[in-house]
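Results of the structural survey
Below are the chains, spelled out letter by letter.
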Amino acid sequence: MPNNTTLLAAAACIAAIALVIRRRQKPQDDDDATRHVYRIVLTGGPCAGKTTAMARLSGFLQERGFRVYTVPEMATLLFTNGVAFSDLDKGALAMQQAVLKGQTTLEDGFRKVAAATRAPAVVLCDRGALDGKAY
């Protein structure tokens, strides 16, 4: 039986293939600046294979002519830059608010940069803004 990492990588590749097919079906003279920007959010528990799937998916999409932008996970940014788990004892709500606001800001920023290039692009998100609700 395949492990979670293999299944997540396979699902990500299937999503990428669907993007490539959809891109081929769209007219090339589209004027909407964001129509050429796709967003894929990988979600799952710790050690589920999200980072591995992102790396594989990024290479797969780049080989097919997409600009790929990878958005880091906001919680990881906080924890690797000074926030400690003990801070959550009294600041869990503040932490979740910071993660939500930071994650949406990161995602929007990458999307805007991708749209400005007017090149076919994919924004890959390592977790999504609502993951805090589930995890």
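Everything quoted here is computed from the prediction, not taken from an experiment.

**A short note on the sheet that holds strand β3 (residues 121–126)**
The strand order β1-β3-β2 describes an open sheet built from three strands, whose pairing is parallel. Looking along the sheet, the strands with just one partner apiece sit at the ends: β1 (37–42) and β2 (67–71). For this sheet, the mean angle separating the axes of adjacent strands, direction not counted, is 20°. Looking at chain direction, β1 and β3 are connected through six bridges and run parallel. When the bridges of β3 are listed, Val41 appears paired with Cys125.

**Considering unusual backbone geometry**
Its identity as a non-glycine residue notwithstanding, Arg118 has a phi of 60°, on the positive side. Looking at the secondary structure, you find Arg118 in the loop between α4 (88–117) and β3. When its relative accessible area of 46% is taken as the criterion, Arg118 is described as partly exposed.

**Topic: the nonpolar core**
As a rule of thumb, nonpolar side chains are buried together in soluble globular proteins. Formed by Tyr38, Ile40, Leu42, Ala53, Met54, Leu57, Phe60, Leu61, Phe66, Val68, Val122 and Leu124, the largest nonpolar core amounts to 12 residues. Of all the elements in the fold, those that place two or more residues in this core are β1, α2 (50–63) and β3. Membership of the second largest hydrophobic core comes to eight residues, among which are Tyr69, Ala114, Ala121 and Val123.

Cut-offs applied
Residues numbered from 1 in each chain as written. Predicted model: local features only at pLDDT ≥ 70, side-chain atom pairs only at ≥ 80, totals over all residues. Heavy atoms only, no water. Pairing = 2+ DSSP bridges. Helix = DSSP H or I, 4+ residues; strand = E, 2+ residues; numbered from the N terminus. Axes fitted to C-alpha atoms, helices over the stretch in contact; angles between N-to-C directions. Buried < 20%, exposed > 50% of the residue type's maximum accessible area, 1.4 Å probe, protein only. Core = buried A, V, L, I, M, F, W, Y, C linked by side-chain atoms within 4.5 Å.

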